[in-house]
Structure formats: C-alpha cells, structure tokens
Amino acid sequence: MNENEIFYTVHKIVSEVIGNADLKIYHDSKIFEIEGWDSTANVEILINLESTFKVRFEVEEIGGIDSIPNLLKCIKNKISN
C-alpha cells in the first residue's frame, strides 16, 4: 500500500468519525487544524485506523502523531514490517 492509498483511507476514516464528508485534509495538515478532530474523535480515529490497517499504536507513538505526515509515516512503517 503506497502513501496515497494510506492517505485516502485515513481521510475516509477521519471524515466518517467526524461526520463531515466534505472535510478538507491535506498531506501537510496538522491535527489541531482539522475541524472536529478533538480528543474524543482522536481515540475513535486511532481505533478505526488500528482495525483497518491491522496495526497497534504504542502510547509513545500516539503522542508524536500531531500531523497527517506523522500519522502516514507511522502507519506506513507499521504495515511495512
């Protein structure tokens, strides 16, 4: 799975969790810039990502996921192993 496919899947999950099909997320977006992505949504998003990609995020990793690039990199590293 390449980075664009991962991005598309992340965008779909985030849009569904936040409940906004028109949500604008870019490859360089910061999490705090994404409207509706609060702490509650964050938990649900991460759970959905873990289930979809069949990965587990460590506590240390979660703290470092503050942007879409960091999230994509983390997922890509996990599914590549």
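In what follows, the accompanying structure is described. (Residues numbered from 1 in each chain as written. Predicted model: local features only at pLDDT ≥ 70, side-chain atom pairs only at ≥ 80, totals over all residues. Heavy atoms only, no water.)

## Focus on the side chain of Thr 9
Part 1 of the reasoning: Checked against the element boundaries, Thr 9 lands in helix H1 (residues 3-18).
Part 2 of the reasoning: Look past the residues within four positions of Thr 9 in its chain and what remains in contact with it is Thr 52 and Phe 53. (Helix = DSSP H or I, 4+ residues; strand = E, 2+ residues; numbered from the N terminus. Contact = heavy atoms within 4.5 Å.)

## Some points on the pattern of salt bridges
Part 1 of the reasoning: The tally for this structure, following the rule as stated, stands at two salt bridges.
Part 2 of the reasoning: Linking Lys 78 and Glu 61 is a salt bridge whose minimum nitrogen-to-oxygen distance equals 3.2 Å. Here Lys 78 is found in helix H4 (residues 68-80), whereas its partner Glu 61 is found in helix H3 (residues 59-64), with 17 residues between them in sequence. (Salt bridge = Lys/Arg side-chain N within 4 Å of Asp/Glu carboxyl O.)

## Here we look at unusual backbone geometry
Most peptide bonds take the trans form, and the phi angle of most residues other than glycine is negative.
Part 1 of the reasoning: Positioned with a positive phi, Lys 54 is a non-glycine residue whose angle comes to about 55°.
Part 2 of the reasoning: Inspection of the secondary structure puts Lys 54 in the loop between helix H2 (39-53) and H3.

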